[in-house]
Amino acid sequence: EGFDRHLFGLRCMAIELKLPVPDLFTDKTFTESGQYHLYTSQIPTLSKLIVGMAPFKQHKDGYGVTYKLDGEVVPFAISSFRNSDETNCAKFAAALEKSVNDLKDIIPHLPQFSKI
């Protein structure tokens, strides 16, 4: 998956084993690179339940988005902090819906997907 999960695991192992945490994890560039404005996660379950997640707490102008691949339907749950002037879940959902519909129009015309 993402590179950050592997590095997070290494950091946790160092802490658990009481080893020195490598300097990489305190480097300003590294710490700032992990502050995402968009957090996404797939919910791989057979349940019809749709689970949401909060945006990253260090970014009040970010979004949390979960989605579930469910046959021909892909439900999304979108969240943001209410106290942000930068976020608007309704606008984000409308833009996401437009993007998904655009992809539905484009993908069948790509040669590698034309037989699907």
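Right above here is the structure, for reference.
Bear in mind that the values here come from a model prediction, so they are computed numbers and not experimental data.

Rules of the game
Residues numbered from 1 in each chain as written. Predicted model: local features only at pLDDT ≥ 70, side-chain atom pairs only at ≥ 80, totals over all residues. Heavy atoms only, no water. Helix = DSSP H or I, 4+ residues; strand = E, 2+ residues; numbered from the N terminus. Buried < 20%, exposed > 50% of the residue type's maximum accessible area, 1.4 Å probe, protein only. Contact = heavy atoms within 4.5 Å. Phe/Tyr/Trp six-rings, centres within 6.5 Å; stacked < 30°, edge-to-face > 60°. Salt bridge = Lys/Arg side-chain N within 4 Å of Asp/Glu carboxyl O. Expected span 1.5 Å × (residues − 1). Polar contact = N/O pair within 3.5 Å; in protein donor to acceptor, adjacent residues only side chain to side chain. Pairing = 2+ DSSP bridges. Axes fitted to C-alpha atoms, helices over the stretch in contact; angles between N-to-C directions. 1 Å grid on protein atoms, 1.4 Å probe; cavity = no way out; pocket = protein on both sides within 12 Å on 5 of 7 lines; lining within 4 Å. Points joined across faces, edges and corners; volume = space filled by probe spheres on them. Nonpolar A, V, L, I, M, F, W, Y, C, P; charged D, E, K, R; others polar.

Caption draft 1: Looking closely at the side chain of threonine 66. Along the chain, threonine 66 turns up in strand 2 (residues 63-67). By relative accessible area, threonine 66 is classed as buried at 2%. Those residues in contact with threonine 66 that sit more than four places away from it in its chain are Ser41, Ile43, Val51, Gly52, Met53, Pro75, Phe76 and Ala77.

Caption draft 2: A look at the packing of aromatic side chains. Evaluated as defined, the whole model comprises three aromatic pairs. Ring geometry for tyrosine 67 and phenylalanine 76: centres 6.1 Å apart, planes at 40°, overall tilted.

Caption draft 3: Spotlight on the pattern of salt bridges. Applying the stated criterion to the full structure yields one salt bridge. For lysine 98, the salt bridge is made with aspartate 102, and the minimal N-O distance between the two is 3.0 Å. Taken together, the positions of lysine 98 and aspartate 102, both in helix 3 (residues 89-106) and four residues apart, correspond to about one turn of that helix.

Caption draft 4: Region of interest: helix 3. Here helix 3 spans 25 Å end to end across 18 residues, near enough to the 26 Å set by a 1.5 Å rise per residue. At the N-terminal end of helix 3, a side-chain oxygen is found 3.0 Å from the backbone nitrogen of alanine 90, two or three residues along, and the residue is asparagine 88.

Caption draft 5: Up close: the sheet that holds strand 3 (residues 76-80). The mixed open sheet is built from three strands, whose spatial order is 1-2-3. Both edges of this open sheet fall to strand 1 (38-42) and strand 3, since each of them pairs with a single strand only. Taken over all neighbouring pairs, the strand axes of this sheet differ in orientation by 15° on average, direction set aside. Looking at chain direction, strand 1 and strand 2 are connected through five bridges and run parallel. Residue pairing for strand 2: glutamine 42 is matched across the bridge by tyrosine 67. The strands that helix 3 touches are strand 1, strand 2 and strand 3; relative to strand 3, the one it contacts most, it runs at about 145°.

Caption draft 6: Examining the environment of phenylalanine 25 more closely. In this fold, phenylalanine 25 is placed in the loop between helix 1 (3-16) and helix 2 (28-33). With relative accessibility at 10%, the residue phenylalanine 25 sits in the buried group. Taking the C-alpha atoms as reference, phenylalanine 25 lies 9.0 Å from phenylalanine 8; in sequence the two are 17 residues apart.

Caption draft 7: Structural view of the pairing of strand 3. In strand 3, alternate side chains face the same way, and those of Ala77 and Ser79 are buried while those of Phe76, Ile78 and Ser80 on the opposite face are not. Inspection of the sheet shows strand 2 paired to strand 3 by five bridges, in the antiparallel sense. If you follow glycine 64 over to strand 3, its bridge partner there is serine 79.

Caption draft 8: Region of the structure containing the layout of surface pockets. Its boundaries defined by the atoms lining it, the second largest pocket holds a volume of some 330 Å³. At five residues, helix 3 tops the list of elements feeding residues into the lining of the second largest pocket. Looking at the lining of the second largest pocket residue by residue, the class counts come to eight nonpolar, two polar and three charged.

Caption draft 9: View of unusual backbone geometry. With a phi close to 60°, lysine 18 is a non-glycine residue in the positive phi region. Summarising the element assignment, lysine 18 is placed in the loop between helix 1 and helix 2. The class of lysine 18 is exposed, set by a relative accessible area of 75%.

Functional significance is not addressed by these values, which are geometric in nature.
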